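Residue strings, one per chain:
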Amino acid sequence: MGNAQDDLIKVYADKCKQHSQNADSLFYYANLLINIDDNKAKAEGYFAKGYAYRNKMQLDSALVFFDKSLTYIKPDNYASASRSVRLASIAATQAGSYTLALDYVDQLKRLAIEAEDSLGYATALNHEGIIYKNKGDLNKAIEKYTIAGEIQNSRNSRQTHYTFTNIAIAYTESDRDSMALSWFHKAYDAAHKTKDSVGIIKSINNLGNFYKEQQQPDSSLFYFEKLIDIEQKLPIDQRSLLYQNLADLNNNIGNTEQALVYYNKAEPHITKGKHIRRKIELLSVLFKIRKKQKNNTVALQLADSLIALIKRSDIPNKLLPIYLEKVALLKNEKSFEEAIKTLDIYNRVKDSLSTMQDAVAIQEIISEYQLAEKEMELQASLHKGFFNKYRVLIIVTLVIIALLVMYYFYLRHKKNSAEVPFSKQITLKNKHVLDSNDILFVKSDGHYLEYHTTTSEQPVIERNRLKNALELLSECGFIQIHRSHIVNASKVKVVYATSLQLHNDIEVPLSRSFKQKLKEENHILFQ
């Protein structure tokens with residue numbers, strides 16, 4: 001009877017392993033195990049049930065069953081106990097319960113010490129590093145990873161490569177790129193040392209991607225091309241991503257013909273797939289190739305295809321850079337009217353996204369692609385190009401507009417002569433003192449503000465938020481005209497559709513949403 005029951009337990013446990021990614025099957029076999037009157041069966045059943053709930057991301061339930069499995073495990077069964085505790089730690093981390101996760105790690109370390117399992121202890125330290133990384137304490141994470149890696153390396157463990165990679169990623173996220181590169185190389189060496197073919201491939205990819213992010217295409221190509229020798233051994237998704245990276249990098253160094261060769265290798269695998277992000281990434285590479293080849297007609301068609309594809313995706317903020325790319329192409333083709341229309345669409349999309357999404361995410365995409373600078377540059381060049389094309393008509397129109405503007409400012413001056421904003425001295429966080437009347441505008445760039453003044457060609461920089469600057473300067477006549485700009489209203493010379501011209505002929509961007517708000521407030525500039 002005992003042997004038959006042991007055999008049945010083994011069959012159900014094996015079924016749980018075979019169906020580890022299928023929650024419904026796991027629940028079925030877990031319940032069969034739990035119903036057997038045997039501690040080992042119940043331990044396996046409750047563990048399987050916890051695993052199923054973790055797969056479904058019902059993490060509180062997963063923790064309950066992982067803990068329950070521990071109550072049926074014999075004290076000397078280190079393998080089963082450490083497995084349940086390790087999975088409980090991972091589930092607690094995923095749930096954001098970091099204190100509980102660290103308690104499980106301490107339990108895992110005690111089990112490893114009692115079993116004299118140094119690699120198990122290293123695994124616990126690695127989990128501890130992951131928890132601290134998720135908490136945002138990168139220095140503590142690096143400390144734990146490093147101790148774990150030293151133990152694994154001394155034992156020639158294949159896990160060494162993965163731990164060294166964790167260290168490199170933590171250094172990358174803390175903006176210590178030289179240290180990150182050093183550990184990516186150590187991970188590469190560790191994978192070779194243990195003859196871990198999967199680890200070697202991953203470490204080569206990591207080095208290629210790191211150099212690509214650092215905009216060192218030659219070094220990036222050096223590593224990615226190592227994978228060409230074993231390309232047929234790579235899974236299809238890895239192989240297609242390799243071809244995509246090689247296409248992008250060859251285009252970056254001007255080798256557009258080779259870039260197209262790799263694009264054509266990647267294209268059949270990606271376009272047949274269902275991953276819309278991969279399709280967007282690959283089509284973006286082809287767009288850059290055609291743009292580099294100065295094939296503007298095809299590039300414009302690809303831009304429209306990209307816009308249509310992005311609209312179907314969950315990353316609408318990627319519309320912003322492609323709209324500006326389209327504006328630049330239309331400008332090069334001297335299609336100024338169409339370029340101005342597209343720029344207007346860009347501004348409307350940017351304003352609509354700002355109301356739909358986290359403002360931080362929008363600011364990140366604007367900073368990543370330097371969209372604010374490109375937008376202002378394109379506006380200036382479009383005004384120039386449009387003027388050259390319709391010179392006579394524009395001159396006559398501008399003369400009329402100038403007369404109207406002069407009359408308007410005359411009326412405004414007459415109406416508001418008694419309402420001139422007073423001037424005051426302001427002290428910035430960096431102790432720099434400015435007269436508010438000397439400030440033309442303030443621009444936000446990430447965590448920093450640029451104060452552009454009439455007294456200096458270079459802006460004064462301080463670490464602060466635009467909201468704080470506006471609160472300080474609003475009583476001096478400053479208004480917000482764009483997500484990243486506030487301006488001294490008394491310095492405005494001309495109001496355009498999407499920008500303001502200040503004294504000294506400086507132009508600053510004007511967004512539709514802030515323009516509408518100022519109109520609704522009946523501000524003098526927009527009456």
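Note that the coordinates shown come from a computational prediction; the quantities given were computed from them, not determined experimentally. (Residues numbered from 1 in each chain as written. Predicted model: local features only at pLDDT ≥ 70, side-chain atom pairs only at ≥ 80, totals over all residues. Heavy atoms only, no water.)

## Observations regarding the nonpolar core
Step number 1: Judged by nonpolar contacts, the single largest core of 109 residues is most densely connected at F66, I167, L207, L242, L246, F287 and I322.
Step number 2: For F287, the contacting residues outside a window of four places in its chain are A299, L302, A303, L306, I322, E325 and L329. (Core = buried A, V, L, I, M, F, W, Y, C linked by side-chain atoms within 4.5 Å. Buried < 20%, exposed > 50% of the residue type's maximum accessible area, 1.4 Å probe, protein only. Contact = heavy atoms within 4.5 Å.)

## Topic: unusual backbone geometry
Step number 1: The backbone of K294 sits at a positive phi, close to 60 degrees, despite the residue not being glycine.
Step number 2: As for its position among the elements, K294 is in the loop between helix 15 (276–292) and helix 16 (296–311).
Step number 3: By relative accessible area, which is 70% here, K294 ends up exposed.
Step number 4: Phi angles above zero are rare outside glycine, and K334 is one such case at about 60 degrees.
Step number 5: Among the structural elements, K334 can be located in the loop between helix 17 (319–332) and helix 18 (336–356). (Helix = DSSP H or I, 4+ residues; strand = E, 2+ residues; numbered from the N terminus.)

## Side note on the confidence of the model for the protein chain
Detailed reading of the predicted model is not advised wherever pLDDT is low.
Step number 1: Mean pLDDT for the protein chain: 87, with 87% of residues reaching 70 or above.
Step number 2: Note on residues 414–420: pLDDT under 50 across the span, and two contacts to partners over four residues away in sequence or across chains. (pLDDT = per-residue confidence, 0-100.)

## What about helix 6 (residues 98–114)?
Step number 1: Its 17 residues place the ends of helix 6 24 Å apart at the C-alpha level, agreeing with the 24 Å of an ideal helix rising 1.5 Å per residue.
Step number 2: All of the buried residues in helix 6 are A101, L102, Y104, V105, L108, K109, L111 and A112.
Step number 3: Buried-residue contacts for helix 6 involve helix 4 (59–70), helix 5 (78–94) and helix 7 (118–135).
Step number 4: Of the residues flanking the end of helix 6, it is E116, one or two places downstream, whose phi is positive at about 55 degrees. (Expected span 1.5 Å × (residues − 1).)

## Regarding the pattern of salt bridges
Step number 1: Summed over the entire model, instances satisfying the criterion amount to 18 salt bridges.
Step number 2: Here K140 and E143 are joined by a salt bridge, their closest N and O atoms 4.0 Å apart. Residue K140 and its partner E143 are both found in helix 8 (residues 138–154); the two are separated by three residues, about one turn of the helix.
Step number 3: What makes K140 partly exposed here is its relative accessible area of 27%.
Step number 4: A relative accessible area of 37% places E143 in the partly exposed class.
Step number 5: A salt bridge links K291 to E325; its shortest N-O distance comes to 2.4 Å. Note that K291 is positioned in helix 15 and E325 in helix 17, a separation of 34 residues in sequence.
Step number 6: A residue is classified by how much of its surface remains accessible, and E325, at 22% relative accessible area, is partly exposed. (Salt bridge = Lys/Arg side-chain N within 4 Å of Asp/Glu carboxyl O.)

## Overview of the sheet that holds strand 9 (residues 499–502)
Step number 1: Judged by pairing direction, the sheet is antiparallel, and its three strands sit side by side in the order 8-9-10 without closing on themselves. Strand pairing shows two members of the sheet lacking a second neighbour, strand 8 (492–495) and strand 10 (507–509), which therefore form its edges. Within the sheet, the average angular offset between the axes of one strand and its neighbour, ignoring direction, is 30 degrees.
Step number 2: Pairing of strand 8 with strand 9, which is carried by three bridges, proceeds in the antiparallel orientation. Looking across to strand 9, one finds that V495 is bridged to L500. (Pairing = 2+ DSSP bridges. Axes fitted to C-alpha atoms, helices over the stretch in contact; angles between N-to-C directions.)

## A look at helix 8
Step number 1: Along its 17 residues, helix 8 runs 24 Å from first to last C-alpha, staying within 8% of the 24 Å computed at 1.5 Å per residue.
Step number 2: Residues of helix 8 that are buried include every one of L138, A141, I142, K144, Y145, A148, G149, I151 and Q152, and no others.
Step number 3: On its buried face, helix 8 sits against helix 7 and helix 9 (159–173).

## Digging into the side chain of K326
Step number 1: Mapped onto the secondary structure, K326 falls in helix 17.
Step number 2: Look at K326 and you get buried, because its relative accessible area is 13%.
Step number 3: Contact partners of K326, with chain neighbours within four places excluded, come to L300, A303, D304, I307 and T342.

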